[in-house]
Amino acid sequence: MRWVVRLCVLSLVAMAGFVGGLTSGWPRAAAVDCGNFREQYFNPGTTWRGVKVSSPGMRVSDTVVDCSRISWVFVRNAAGTKIVNLGWYETEIGEFGCNPTAGKPKVLRIKQVNGIGTCDHNTHEYGTNETPTNDDFSIQDDNQDGVWEYRRNGVLVGSYDLGAFTNGILGAGSARYGASGDSMYGNFDGLKRMGSAGNWDGWNSNTGNGDDPEYISCVHSNTWGEVKLGSCP
Amino acid sequence: MSSNSQPHRWPLWRRVAAMIAVFAFGWITSTAVRSLGGEGGGDEPGDTGATVPVSEGGGGFGGTGPAGPASEIPGAADPLLLGGSVVPLDEAAALASYPISMPSDSLASSSSLTQVWIQRETGEVALRFSTGIRIYFAEWPAGKDPAESLEQQASDAGAGWIDAVAGHPVWVLPMNAGGDGFPPQANVTLVVGGAEVNIWGDAPTDGLLRVASSLAK
C-alpha cells in the first residue's frame, strides 16, 4: 500500500514538472543568434490598388519560435518608403514596433512610412484550436484617398493614412531571421489584386523571389505560391 | 529490535532530491514534446531535403524589419524606384501628372542633379543629387487635406513633428526618431503643387527644411 502511495506521489510530481514545462516561457531566444531578416515572396509584377488572399487563403500555423516568423500580404510604393502589411506572426524578440507574442500566432497589421514602422497591438491572437487554418487577408485603397483598409476574413480590422500612396507593387510572402532555425513555411492560395474599377481578380502572373538561404518560393500557379524547404514540384 | 522491524526510510534530503529529479524528468519530457509538436506541427511539409538558395537581390521587398527597403539607404548605383527607369528631366516632367519642382539650395539644385527616375505605373518620380539628397514625388489625392493627413501620419508613427515652410505643413523626421536606424536618414514631407514631396538626406533637418522651402516658393 505504501508503495502505491509513493508511486502516486511521484506521478503527481512528474506531472507537475510536465505541466510546468508546458506552460513556462521558452527560454531560448536569448541563446539564439537571430541573424539577418530574410524573406521569400511572390509578386504579380504590376501595380494595383489592393492585394488579397482568399478561398482558401493564407496558411496560419502555430510553431515554437526562437526569433520570429511571419506570413503576410503587402503593398509598397516604388520608392520603398511606404508599405502596408497584413498577415500573422510569432515573435520572441519583438519587432516592427510590435510586442513579443505569447506563444500563439497573432494577426500582424503594420505599416511603414518614411522609415518608421507602426504596429497595431490590438490584433487577434489565435487560440489553441484555431491553427493550422486558412484565413483571408486583404489590404486595399479602393477609393484612392491614400487610406488603406485592412481586412481579415472580410471584416475590417483597421486602416492607416499613408498620404499620397494609393497604388503600388503587390506581394505575398513569409519572413524569418536567417540563422534562427524558425520555420518559414508559407502557403498563399487564392491571390487576388484590385483593379482600377475596384474589382478583385486573380493575379495574372506570379514570380517567386527572396533571400532566404534555405526556403524557396514555389509558384504553383498565378494565384498560388508556397514557401517551403526542399524543391518545387 | 523494533528498529529492525521498521521499513527502510530514506533520509529527508534524499527524498527531496528524488522529488526534484522526478519533477525535472517531467519538465524535460514536456519540453521534448513541445519541441517535436511545435517544429513538426503537421502543417510544415519538407522539413528535410536539399535546400535551394533563392536570391535575386529583391532588396527586402515587402520587408519592414531591419532589411526593409526604407531602412536601407540606396547607394549611388541603386535604383531609386523599383520598376522605374532613368529619364531626362523634361521627359519625367511631361509624363508626371504634377509639376516637378526643382529646389535651389546648396544641398540640392539643378546644378547638382545627377539622375531623374520615373515609375510609369505608380506615377512616382525621384531626383538624385550629387550631395546625396534624394527627393521623391507622388501625386497627392484630390481633395485630401495635407495638414490633416501629415498630422495623422506623424501621430501614427509617434515620431517627428509638424513644422511649416512657406505656409505648407511639413512632417519632419530626424534620423533615428523611431529608434536606432528608423529612419536611417532624416527626411521631411510636404505637399506642393498637387504632389507629395519627400526629401531624404544625410543632413540636419534644418538643411532639409531649407531644401523644402526652396521647393515651396
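What you are looking at is a predicted structure, and each value in this text was computed from that prediction instead of being measured.

(A) How the structure looks around the overall build of chain B. Secondary structure summary: chain B contains five helices and eight strands in total. Reading chain B from its N terminus to its C terminus gives the helix and strand order α-α-β-α-β-β-β-α-β-β-β-β-α. A burial count over chain B gives 41% of its 217 residues as buried. Relative to all contacts within chain B whose residues are 6 or more apart in sequence, the contacts with residues 24 or more apart total 49%.

(B) Summary view of the nonpolar core. Ranked by internal contacts, the top residues of the largest apolar core, which has 37 residues, are Val73, Val84, Phe137, Ile139 and Phe188 of chain A. It is strand β3 (residues 50-60) of chain A that contributes the most residues to this core, four residues altogether. In this structure, Ile139 of chain A is in contact with Arg49, Gly50, Val51, Val73, Phe74, Val84, Asn85, Leu86, Trp148, Glu149, Tyr150 and Trp200 of chain A, ignoring residues within four places of it in sequence. In terms of nonpolar packing, the next biggest core, distinct from the first, is built from 32 residues, Phe137, Val165, Leu208 and Leu209 of chain B among them.

(C) Just the sheet that holds strand β4 (residues 134-139) of chain B, in detail. All names here are of chain B. With respect to topology, eight strands assemble into an open sheet ordered β1-β2-β3-β4-β8-β7-β6-β5, the strand pairing being antiparallel. Looking along the sheet, the strands with just one partner apiece sit at the ends: β1 (85-86) and β5 (161-165). One ladder, built from four bridges, connects strand β6 (residues 168-173) with strand β7 (residues 186-192); its direction is antiparallel. Each residue of the ladder has a partner; that of Val170, found in β7, is Leu190. Along the sheet, helix α5 (residues 205-216) makes contact with β4, β5, β6, β7 and β8 (195-201), crossing β7 at roughly 20°.

(D) Representation of the confidence of the model for chain A. Per-residue confidence for chain A gives a mean pLDDT of 88, with 87% of residues at or over 70. Per-residue pLDDT stays below 50 along residues 17-30 of chain A; that stretch engages in 28 contacts with residues further than four places along the chain or on separate chains.

(E) Here's a closer look at the state of the cysteines. All names here are of chain A. The final tally for this structure, using the stated rule, is three disulfides over all chains. Sulfur-sulfur distance for the disulfide between Cys34 and Cys67 comes to 2.0 Å. Sign of the S-S torsion, about -90° for the bond between Cys34 and Cys67, identifies this disulfide as left-handed. Pair noted here: Cys34 is in the loop between α1 (2-23) and β1 (37-43) and Cys67 is in the loop between β3 and β4 (68-76), with a separation of 33 residues, a long-range link. Judged by relative accessible area, Cys34 falls into the buried class, the value being 13%. For chain A, the disulfide bridges join cysteines in the arrangement 1-2, 3-4, 5-6, where the cysteines are counted in sequence order.

(F) Here's a closer look at the pairing of β6 of chain B. Residues and elements named next belong to chain B. Pairing of β5 with β6 involves five bridges; the strand directions are antiparallel. Each residue of the ladder has a partner; that of Val165, found in β6, is His168. What sits between β5 and β6 in their antiparallel hairpin is a turn of two residues, with Ala166 showing a positive phi close to 50°.

What counts as what
- Residues numbered from 1 in each chain as written.
- Chains lettered and ligands numbered in written order.
- Predicted model: local features only at pLDDT ≥ 70, side-chain atom pairs only at ≥ 80, totals over all residues.
- Heavy atoms only, no water.
- Helix = DSSP H or I, 4+ residues; strand = E, 2+ residues; numbered from the N terminus.
- Buried < 20%, exposed > 50% of the residue type's maximum accessible area, 1.4 Å probe, protein only.
- Contact = heavy atoms within 4.5 Å.
- Core = buried A, V, L, I, M, F, W, Y, C linked by side-chain atoms within 4.5 Å.
- Pairing = 2+ DSSP bridges.
- Axes fitted to C-alpha atoms, helices over the stretch in contact; angles between N-to-C directions.
- pLDDT = per-residue confidence, 0-100.
- Disulfide = S-S within 2.5 Å.

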